[in-house]
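Fold and contact review
Read off the chains here:
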Amino acid sequence: LRQRGTVHHDASQQCWQVLGHPEASTVLAEHTIFSSDVGDLAPRSAEIELFQRGNFLRIDPPEHRRLRGLASRAFTPRTVTGLAPHIADITSELLDAIGDRGRIDLIDELAYPLPVIVIAELLGLPAGDRPMFRRWADLMFDRAATNPDEPLTRLAEANIRAVTPVVRDMNAYLLEHIRRARSHPGDDLTARLVQAEIDGQRLVDEEIVGFVGLLLLAGHITTTATLGNTVLTLDQHPWAAAEVRADADLLPAVIEESLRLRTPFPRLLRRTSRAAELGGSDIPAGSMVAVWLAAANRDERVFPDPDRFDPHRSPNPHLAFGHGIHFCLGAPLARLEARIALGLLLTRYRDIQVATDAPVEQRDPWTMVSLNKLPL
Ligand code: HEM
């Protein structure tokens, strides 16, 4: 795609492809021109309509600021640092369960359970329901049709049909959870949302569904992806694994460089609310714009020798967490979880290798750069 230009119109997908780092940053920063509300791409089912009401990832200001503000205090670096001992305890329990078994699947045993337990606890959801959360996330992401030669509108129609049954189950489950939180308020984030007021008004249950659903889904599968991707990257670069083992302070940079090279969300979507000039192209109002974080993160104007894994890059302004007003709310939590989990894993096991006699399974990378299976 990049050979066709850092910004170009794609006739088969019927959208504008944005592949350069400065251009992607501009799109994400200029939220008044490039709207996150892409809901009119295809007619939505009632189920998806309900889920989107509080899903502020897809909502523009001023509503976006109000909703995000309700959750932002729970995810500041300072607040999440307080979770470190608990995250370490959960990780240790998961590693204890692995013990000295010589053979494991990292996704099943650590990369999936850790972040889902953490986010479920924050939201007051029973962590024991996590097999169901995993099924929802798998269905949502693996059913998403991604044929790169189809127009985005046709893909959106197919996706809506495919994910509506899953969203129906998820809405019903979350509505029940929210009603319980109203009648028996606890100390979790859902209980706080139920009681929160914006301009003197409380949120209705239907607004909280997508809000909690967004945090539940965004709050775990991406971190699962990062844990698996980083272990795979270290396996492919044993010198880096040796360096981190010798100097644990290098781990954060290794995680950031893995996020750059294996960007969990490779592409974000926006819609122009008015005509715009970008990278020398004139984009008409109402156009779909695909922002390729995965390509921006390999832009040689910003990252010399971009395909090379180099944890010593400084600075490393990758866009894996997005940019602008929708910058990932959970980035401090994701970074903390990854540092603790990988730190403990590498300390406890002196020799970790990806198995060669069983397949490493990845998701469809058009939707997510993430592993479903990582046998070690
Ligand atoms: C937004 C990536 C972990 C919650 C985003 C966006 C990206 C992203 C690219 C911007 C989407 C856009 O602009 O359209 C990631 C990655 C993660 C991660 C790579 C792990 C390494 C988390 C976690 C949470 C979370 C752990 C949970 C608390 C959110 C929320 C938003 C968001 C709520 C929407 C923010 C807004 O619209 O204002 N994430 N995320 N993410 N992320 Fe994350």
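Residues numbered from 1 in each chain as written. Predicted model: local features only at pLDDT ≥ 70, side-chain atom pairs only at ≥ 80, totals over all residues. Heavy atoms only, no water.

**A look at the coordination of the iron atom of the ligand**
- Counting protein donors around the iron atom of the ligand gives one, Cys 328 (SG), at 2.3 Å.
- Tracing the backbone shows Cys 328 in the loop between α15 (293–296) and α16 (331–348). (Donors = N, O, S within 2.8 Å, 3.2 Å for Na, K, Ca; no water. Helix = DSSP H or I, 4+ residues; strand = E, 2+ residues; numbered from the N terminus.)

**Digging into the site of the ligand**
- Around the ligand, the structure places 28 residues, and the nearest of them are His 64, Arg 68, Arg 270, His 326 and Cys 328.
- His 64 is positioned with one of its side-chain polar atoms (N or O) 2.6 Å from an oxygen atom of the ligand.
- The contact in question runs from an oxygen atom of the ligand to an N or O atom on the side chain of Arg 68, over 2.7 Å.
- Across the shell around the ligand, the residue classes tally to 18 nonpolar, eight polar and two charged. (Near = heavy atom within 4 Å. Polar contact = N/O pair within 3.5 Å; in protein donor to acceptor, adjacent residues only side chain to side chain. Nonpolar A, V, L, I, M, F, W, Y, C, P; charged D, E, K, R; others polar.)

**Quick word on the environment of Ala 331**
- Among the structural elements, Ala 331 can be located in helix α16.
- Residue class for Ala 331 comes out buried when judged on its relative accessible area of 0%. (Buried < 20%, exposed > 50% of the residue type's maximum accessible area, 1.4 Å probe, protein only.)

**Overview of the environment of Met 288**
- Relative to the helices and strands, Met 288 is located in strand β9 (residues 288–292).
- For the pair formed by Met 288 and Ser 35, sequence separation is 253 residues and the distance between their alpha carbons is 9.6 Å.
- Ignoring any residue separated from it by four or fewer positions in sequence, one finds Met 288 in contact with Gln 14, Cys 15, Trp 16, Val 38, Leu 41, Leu 152, Leu 269, Arg 270 and Arg 271. (Contact = heavy atoms within 4.5 Å.)

**So, the pairing of β9**
- Here β9 lies mainly inside the structure; five of its five residues are buried.
- Side chains of β9 alternate between two faces, with Met 288, Ala 290 and Trp 292 and Val 289 and Val 291 buried alike.
- Both strand β2 (residues 15–18) and β9 contribute to a ladder of three bridges, which runs parallel. The residue of β9 that forms the bridge with Trp 16 is Val 289.
- The sheet contact formed by strand β6 (residues 267–272) and β9 spans five bridges and is antiparallel. (Pairing = 2+ DSSP bridges.)

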